[in-house]
Amino acid sequence: TMYPSMGLACIGAVAEEQGCEVKVVDCEALGYSYERLEEIIKQFSPDLIGMQTFCNTINRNLEIAKRAKRNIDKKIKVVLGGVQATLLSDEYCKDENVDFVVKGEGEIIFRNLIQSLKNNEVDFSNIRGLVWKKDGKIVNNQAQEMIKNLDTLPFPARHLFQLDKYYPSAQI
């Protein structure tokens with residue numbers, strides 16, 4: 001089974017809503033190596049790389065963060081979100097190549113982070129649900145409330161995925 005990530009589609013929609021140019025690269029679905037991903041990152045030249053984490057992907061997420069910072073541009077901001085990052089946010093934020101961890105539902109948190117970065121802010125203490133570094137120390141902001149009205153969010157940006165690369169486990 002290979003499905004596009006609804007979480008990334010939702011976060012991508014939030015970023016687009018904020019005027020960001022967004023590219024989703026699902027290396028697993030596309031069969032891309034680290035080297036191929038590095039080429040794509042170099043071509044796209046992002047200011048920020050966001051990654052969804054799971055227990056079976058976290059080591060690859062951290063490797064991508066390391067390669068992005070060391071091989072491409074040390075100024076790229078790296079954001080981790082998803083289940084694994086939420087569970088062990090402080091641990092992953094300690095990684096020298098991770099700038100931010102989003103805990104819990106990421107849409108509001110990510111929207112606020114994008115706005116702060118666009119405004120060149122360096123203090124992120126007002127962004128609920130964000131874990132970040134201040135003077136080398138991990139700051140774990142107050143939790144973001146669950147989203148009560150999903151109608152306040154944009155529709156998931158499914159157009160960011162190469163949908164022909166996904167398939168169900170049972171084919172008719």
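Enquirer: Any chance you could break down the overall build of the protein chain for me, citing the residues and the numbers?
Expert: Each helix and strand in the protein chain was counted, giving seven helices and five strands. Listing every helix and strand of the protein chain by position from the N terminus yields α-α-α-β-α-β-α-α-β-α-β-β. Against the compact-globule benchmark of 16 Å for 172 residues, the protein chain has a radius of gyration of 16 Å, which places it among compact chains. Buried residues in the protein chain amount to 40% of all 172 residues.

Enquirer: Please provide a residue-by-residue account of the side chain of Asn-141, values included.
Expert: For Asn-141, the position within the fold is in the segment after β5 (137–140). When its relative accessible area of 10% is taken as the criterion, Asn-141 is described as buried. A polar side-chain atom of Asn-141 sits 3.0 Å from a polar atom in the side chain of Trp-132. Once residues within four sequence positions are removed from consideration, Asn-141 is found in contact with Phe-124, Ser-125, Asn-126, Ile-127, Arg-128, Gly-129, Leu-130 and Trp-132.

Enquirer: Just give me the short version of the packing of aromatic side chains, but keep the residues and values in it.
Expert: Using the criterion set out here, one finds three aromatic pairs in the structure. Centre to centre, the rings of Phe-100 and Phe-124 are 4.9 Å apart; their planes meet at 80 degrees, and the pair counts as edge-to-face. Taken together, the positions of Phe-100 in strand β3 (residues 100–102) and Phe-124 in the loop between α7 (106–118) and β4 (130–134) put the pair 24 residues apart, joining distant regions of the chain. We note that Phe-100, like Phe-124, is buried.

Enquirer: So, the packing of helix α3 (residues 34–44) against helix α4 (residues 58–72): which residues are in play, and what are the values?
Expert: Close contact between α3 and α4 brings their axes to 11 Å; oriented N to C, the two are set at 50 degrees. One finds that α3 runs oblique with respect to α4. In this structure, the crossing between α3 and α4 has a hand that is right-handed. From α3, Tyr-34, Glu-35, Leu-37, Glu-38, Ile-41 and Lys-42 reach across to α4, where they touch Arg-60, Glu-63, Ile-64, Arg-67, Asn-71 and Ile-72. Looking at the contact of α3 with α4 residue by residue, the class counts come to five nonpolar, one polar and six charged.

Enquirer: A description of a nonpolar patch on the surface should follow, citing residues and the corresponding values.
Expert: Together, Phe-54, Val-83, Leu-87 and Leu-88 line one region of the surface with nonpolar side chains, adding up to about 360 Å² of accessible area. Considering the arrangement of structural elements, one finds Leu-87 in helix α5 (residues 83–87). Residue Leu-87 is classed as exposed on the basis of its relative accessible area, which comes to 62%.

Enquirer: I'd like to hear about the state of the cysteines, residue by residue, with values.
Expert: One pass over the structure, following the stated rule, counts zero disulfides. With no disulfide partner, Cys-10 has as its closest neighbouring cysteine sulfur the one in Cys-20, 16 Å distant. By relative accessible area, which is 18% here, Cys-10 ends up buried. Cysteine Cys-27 shares no disulfide, and the gap to the nearest cysteine sulfur, in Cys-55, comes to 18 Å.

Thresholds, definitions, all that
Residues numbered from 1 in each chain as written. Predicted model: local features only at pLDDT ≥ 70, side-chain atom pairs only at ≥ 80, totals over all residues. Heavy atoms only, no water. Helix = DSSP H or I, 4+ residues; strand = E, 2+ residues; numbered from the N terminus. Rg over C-alpha atoms; globule rule 2.2 N^0.38 Å. Buried < 20%, exposed > 50% of the residue type's maximum accessible area, 1.4 Å probe, protein only. Polar contact = N/O pair within 3.5 Å; in protein donor to acceptor, adjacent residues only side chain to side chain. Contact = heavy atoms within 4.5 Å. Phe/Tyr/Trp six-rings, centres within 6.5 Å; stacked < 30°, edge-to-face > 60°. Axes fitted to C-alpha atoms, helices over the stretch in contact; angles between N-to-C directions. Parallel < 35°, antiparallel > 145°, perpendicular 65-115°, else oblique. Left-handed = near helix turned anticlockwise from the far one by under 90°. Nonpolar A, V, L, I, M, F, W, Y, C, P; charged D, E, K, R; others polar. Patch = residues over 30% accessible without salt bridge, like charges linked within 9 Å, V, L, I, M, F, W, Y side chains within 5 Å. Areas by Shrake-Rupley, 256 points an atom, 1.4 Å probe, with all protein chains shown as cover. Salt bridge = Lys/Arg side-chain N within 4 Å of Asp/Glu carboxyl O. Disulfide = S-S within 2.5 Å.

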